[in-house]
Amino acid sequence: MIKTIIFDMGGVVITLNSDEAMKRFKDLGLKDAEKILDPYCQSGVFGDLEEGKVSEEEYHKALEDMVGRPLTFKEIQHCWLGYMVEVPAIKLEAIRKLKKEGYRVILLSNTNPYVTNWTDSKEFSGDGHSIDEYFDAMYRSYEVKYMKPDENFFRYVLSEEKLLPEEALFVDDGPRNCAAASELGIRTYCPANGADWTDEIYQYLK
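Residues numbered from 1 in each chain as written. Predicted model: local features only at pLDDT ≥ 70, side-chain atom pairs only at ≥ 80, totals over all residues. Heavy atoms only, no water.

Looking at the sheet that holds strand 6 (residues 168-171)
The line we're drawing: When DSSP finds at least two bridges between two strands, those strands are taken to pair. Labels follow the DSSP assignment, with helices taken as runs of H or I lasting at least four residues and strands as runs of E lasting at least two, numbered in each case from the N terminus. To obtain an axis, a line is fitted to C-alpha atoms, over the contacting stretch when the element is a helix, and the angle between two such axes runs from 0 to 180 degrees between their N-to-C directions. It only takes one pair of heavy atoms within 4.5 Å for two residues to be counted as in contact.
With parallel pairing, the five strands of this open sheet are ordered in space as 5-4-1-6-7. Strands with a single pairing partner mark the edges of an open sheet, and in this sheet they are strand 5 (137-140) and strand 7 (187-189). Each strand axis lies, on average, 20 degrees off the axis of its neighbour in the sheet, ignoring direction. Across four bridges, the pairing between strand 1 (residues 4-7) and strand 6 is parallel. Bridging across to strand 6, I6 finds its partner in F170. Lying over the sheet, helix 10 (residues 175-183) contacts strand 6 and strand 7, oriented at roughly 165 degrees with respect to strand 7.

What follows is the structure, given as structure tokens:
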């Protein structure tokens, strides 16, 4: 029986556009942005940031070295927020509905301080709500020092939540991430980036 629903953020709660992020980083002066950036799992210093291996300050300095000029926090954040196309109200309402129906609803996301500076603000929802108002708990890669599809990220969440794998449904638009969760016995649902999962999710909760 499913007790807890684990949501990915980008692609599930937030609709992503990797092309816009690529454009913004290239405009910033980052050469080979297409080789460096990945919509699901970053690598290099970008991955180190999201896995908590380097601080925001260390990443900031590394990016300045890569583009060859000083950068502000806002300039870098503007690039990262290029990924974030839309936060559909219907999905936020669905998450609140699931909570009212008795499910524990948590977030498990590969992300970084530039994105969470926005998601944790009242600007997130478009009508004055931060992301933590929708979830019972949040597990974010740079804070817990794991990054999907590392199975240790899922093990960490199961342990923290005192949750059996068969009691969880994991919703993520990344097939690699869903496959990793499935290996541990977690039920998974892999809607496409931006898809409306608000009705179909109930088929996975039966």
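Now that the structure is up, let's keep going.
Brief notes about the pairing of strand 1
One face of the sheet, then the other: side chains in a regular strand alternate in exactly this way. Convention followed: The buried label applies to any residue whose accessible area, calculated with a 1.4 Å probe on protein chains only, is under 20% of its type's maximum; exposed applies above 50%, and partly exposed to all values in between.
The two faces of strand 1 match: T4 and I6 on one face and I5 and F7 on the other face are all buried. One ladder, built from four bridges, connects strand 1 with strand 4 (residues 104-109); its direction is parallel. If you follow I6 over to strand 4, its bridge partner there is I106.

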